[in-house]
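These are the residues of each chain, in order.
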Amino acid sequence: QGRRAAAGCPAGNSAKLVAPLGCLVSRQKHTLPDLPYDYAALEPHINAEIMQLHHSKHHATYVNNLNVTEEKYQEALAKGDVTTQVSLQPALKFNGGGHINHSIFWTNLSPNGGGEPKGELMEAIKRDFGSFAKFKEKLTAVSVGVQGSGWGWLGYNKEQGRLQIAACANQDPLQGTTGLIPLLGIDVWEHAYYLQYKNVRPDYLKAIWNVINWENVSSRYATCKK
Ligand SMILES: [Fe+2]
């Protein structure tokens, strides 16, 4: 997600033969991805003020803190300092998850979204949830029901070859914490809706279906089935 592998950082035994700092220096920082639409493009369903703050402040902070955490982690790794490595793991999960989740979320939305998916994804939704309406109802209920901050997800269970709905707390990334491959994420942190919908999370959930980019969700599904 917005990251290239560290160039010139060899794997395996040869890694021990080169100075660890060489890898540290060549590691590329994560960057905030551009939105594929304007901040006001999802209005009236999600207003420009929310989108601007959400992307340029909240997501940007996850990216910055992920870079800081990885730097500290690399230092601890180079020193063989396992205690520090362990103590950095919650920050890695939170900020790494925040970056992964939001990078997916922006592409899951579109000003030309809404409606229903087509083709293979729609067939799979009908097979695994009974109907599109039942699927929508279930993902809405799971997302509304997240206690505090978190995400509702449609994911793909590759082992069982079926779609699954899941809730994640905080910024726990779906695949890293459940193994499900993320297809569609709904951010239910208050920062995603409070400025427009106040405390009424169900109204935000009702509105977001109007801007779901089913082409993006379908192409994620096609990719993970390969
Ligand atoms: Fe968010």
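In the annotation of an unreviewed UniProt entry, the protein is listed under the name Superoxide dismutase and assigned to Malurus cyaneus samueli. UniProt annotates the protein under Subunit (unreviewed entry) with the comment "Homotetramer." Recorded in UniProt for the protein, the comment headed Subcellular location (unreviewed entry) runs: "Mitochondrion matrix".

> Honestly, the coordination of the iron ion in this entry has me stumped. Any pointers?
For a metal with four tetrahedral donors the ideal donor-metal-donor angle is 109.5 degrees, whereas six octahedral donors ideally subtend 90 or 180 degrees. Coordination of the iron ion by the protein comes from H54 (NE2), H102 (NE2), D187 (OD) and H191 (NE2), over a distance range of 1.9 to 2.1 Å. Geometry at the iron ion is irregular, judged from the four donor atoms that bind it and their angles of 89 to 135 degrees at the metal. Between consecutive donors of the iron ion, the numbers of intervening residues give the motif H-x47-H-x84-D-x3-H. Highlighted residues: H54 in helix α2 (residues 48–79) and D187 in strand β3 (residues 181–187), separated in sequence by 133 residues. Of the two residues, H54 and D187, neither departs from the other in class, the shared state being buried.

> Would you mind going over the pattern of salt bridges with me for this structure?
Close approach of charged atoms allows side chains of opposite charge to pair. Summed over the entire model, instances satisfying the criterion amount to five salt bridges. Ionic pairing is found between K29 and E71, a salt bridge with its closest N-O pair at 2.5 Å. Here K29 is found in the loop between α1 (20–26) and α2, whereas its partner E71 is found in helix α2, with 42 residues between them in sequence. Accessibility expressed as a relative area gives 45% for K29, which makes it partly exposed. Among the salt bridges present, the one from K93 reaches D172, with a minimum N-O distance of 4.0 Å. Remark: D172 occurs in the loop between β2 (162–169) and α7 (174–178) and K93 occurs in helix α4 (residues 89–108); sequence separation between them is 79 residues. We classify K93 as partly exposed; its relative accessible area is 42%. Residue class for D172 comes out buried when judged on its relative accessible area of 19%.

Cut-offs applied
- Residues numbered from 1 in each chain as written.
- Predicted model: local features only at pLDDT ≥ 70, side-chain atom pairs only at ≥ 80, totals over all residues.
- Heavy atoms only, no water.
- UniProt positions renumbered as here; feature names shortened; annotations may be inferred.
- Donors = N, O, S within 2.8 Å, 3.2 Å for Na, K, Ca; no water.
- Tetrahedral: all angles 85-135°; square planar, octahedral: opposite > 155°, others 65-115°.
- Helix = DSSP H or I, 4+ residues; strand = E, 2+ residues; numbered from the N terminus.
- Buried < 20%, exposed > 50% of the residue type's maximum accessible area, 1.4 Å probe, protein only.
- Salt bridge = Lys/Arg side-chain N within 4 Å of Asp/Glu carboxyl O.

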